[in-house]
Amino acid sequence: MVRVRDLSKAFGGNPVLEGVDLTVLEGTVTALIGPSGAGKSTLLRCMNLLERPDAGEIEIGSHRIDARSRFSKRQLYALRRETGMVFQHFNLFPHMSVMRNVVLPQQRILGRSKAEAEHRAQELLARMGLADKGGQYPNKCSGGQQQRIAIARALALEPRVMLFDEPTSALDPEVGAEVLEVMKELAAEGMTMIVVTHEMGFARNVCEDLVVMADGGIIEQGDPQRIMGDPSHPRTRSFLHAVL
Ligand code: ADP
Ligand code: MG
């Protein structure tokens, strides 16, 4: 479903990603872990071209872009549309009701009618346990509710892959657990997901694949239980020691 080939990205001459290769199979959940500054967010942002890679190929579903060759805005949006992104700090539109937060992107991006978009939004909000929140403003909702609204907003665009960048890092543990529960349900329904997280329980119990990044590259990848039980890279060992 997702293939990243030889991806490189530098900021102001400082290499952040160097020759990253990653393949994610349809219907699987991949946890992306590693120390702060490893390049996890940059990798996620390159995948949906929120960040333009310097070199390499990104393939999502049937869309492929080679960073070194020319591509049109249309190609970029077509690829980005295959992904839904959930951020650490929710990034909801503060001046719009919860309902409008979920409805507007569907109208703008998918060209859905207001009625159709509202119907889908209501369905998704209900699934997130937020059926009665549509008329509220985001700042009247708890952090956990805001993150579930953000997930509903992303799902409303019918992505083929969901990208989560530390979705529970800004939340208290109990509230984070509600968000992880929703993500676990999505995983069980077969959604392809890539999740940057420090929640090692989630990585162990929900994810099929664990990818460990350090210094702009993938240093280890494989079965989460195997890597957590017996990491082969010393940097994985010290990172796991710090978070477990
Ligand atoms: P992680 O998510 O693993 O903590 P990031 O991908 O956010 O790591 O960052 C990797 C490195 O790239 C860091 O050194 C960070 O300072 C740098 N970086 C990230 N985004 C930018 C940017 N927009 N401009 C300059 N440097 C950046
Ligand atoms: Mg990050």
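Predicted model only: the values in this text are computed from it and were never measured.

Colleague: Explain the sheet that holds strand β9 (residues 209–214) to me, and be specific about the residues and the numbers.
Modeller: On the basis of which strands lie adjacent, the open sheet formed by six strands has the order β6-β7-β8-β3-β9-β10 and mixed pairing. Among the strands making up the open sheet, the edge pair consists of β6 (83–86) and β10 (217–222). The mean inter-strand angle of the sheet, taken between neighbouring strand axes irrespective of direction, is 20 degrees. Sheet analysis places β6 next to strand β7 (residues 161–165), joined by four bridges and oriented parallel. Note that in β7 the partner of M85 across the bridge is L163.

Colleague: Can you break down the sheet that holds strand β4 (residues 55–60) residue by residue, with the values?
Modeller: Ordered in space as β2-β1-β4-β5, the four strands form an open sheet in which the pairing is antiparallel. Two strands close off the open sheet at either side, each with one partner strand: β2 (14–24) and β5 (63–66). Neighbour-to-neighbour, the strand axes of the sheet open up by a mean angle of 15 degrees, direction not taken into account. As judged from the five bridges shared by strand β1 (residues 2–11) and β4, these two strands associate in the antiparallel manner. Pairing of S8 across the sheet is with A55, part of β4. Of the strands in this sheet, β4 and β5 are in contact with helix α2 (residues 73–80), which crosses β5 at around 125 degrees.

Colleague: How would you sum up the confidence of the model for the protein chain? Please name residues and give values.
Modeller: Looking at the protein chain, pLDDT values average 96 and 100% of them are 70 or higher. Both scores are given for the predicted complex: the pTM is 0.96, the ipTM 0.98.

Colleague: Help me get a handle on the site of ligand 1, residues and values and all.
Modeller: Taken together, F11, V16, G34, S36, G37, A38, G39, K40, S41 and T42 make up the full set of residues adjacent to ligand 1. Counting residues per element, the shell around ligand 1 draws most heavily on helix α1 (residues 40–47), which supplies three residues. Considered class by class, the residues forming the shell around ligand 1 number three nonpolar, six polar and one charged.

Colleague: Lay out the nonpolar core with the relevant residues and their values.
Modeller: Ranked by size, the top nonpolar core spans 65 residues in total, and within it V102 and A152 carry the most contacts. If one sorts the elements of this core by residue count, helix α5 (residues 143–155) sits on top with six residues. Residues contacting V102, with those up to four places away along its chain left out, are A121, L124, L125, I149, A152, R153 and A156.

How each quantity is defined
Residues numbered from 1 in each chain as written. Chains lettered and ligands numbered in written order. Predicted model: local features only at pLDDT ≥ 70, side-chain atom pairs only at ≥ 80, totals over all residues. Pairing = 2+ DSSP bridges. Helix = DSSP H or I, 4+ residues; strand = E, 2+ residues; numbered from the N terminus. Axes fitted to C-alpha atoms, helices over the stretch in contact; angles between N-to-C directions. Contact = placed C-beta atoms within 7 Å. pLDDT = per-residue confidence, 0-100. Near = placed C-beta within 6 Å. Nonpolar A, V, L, I, M, F, W, Y, C, P; charged D, E, K, R; others polar. Core = buried A, V, L, I, M, F, W, Y, C linked by C-beta atoms within 7 Å. Buried ≥ 20, exposed ≤ 12 C-beta atoms within 10 Å, placed from the backbone.

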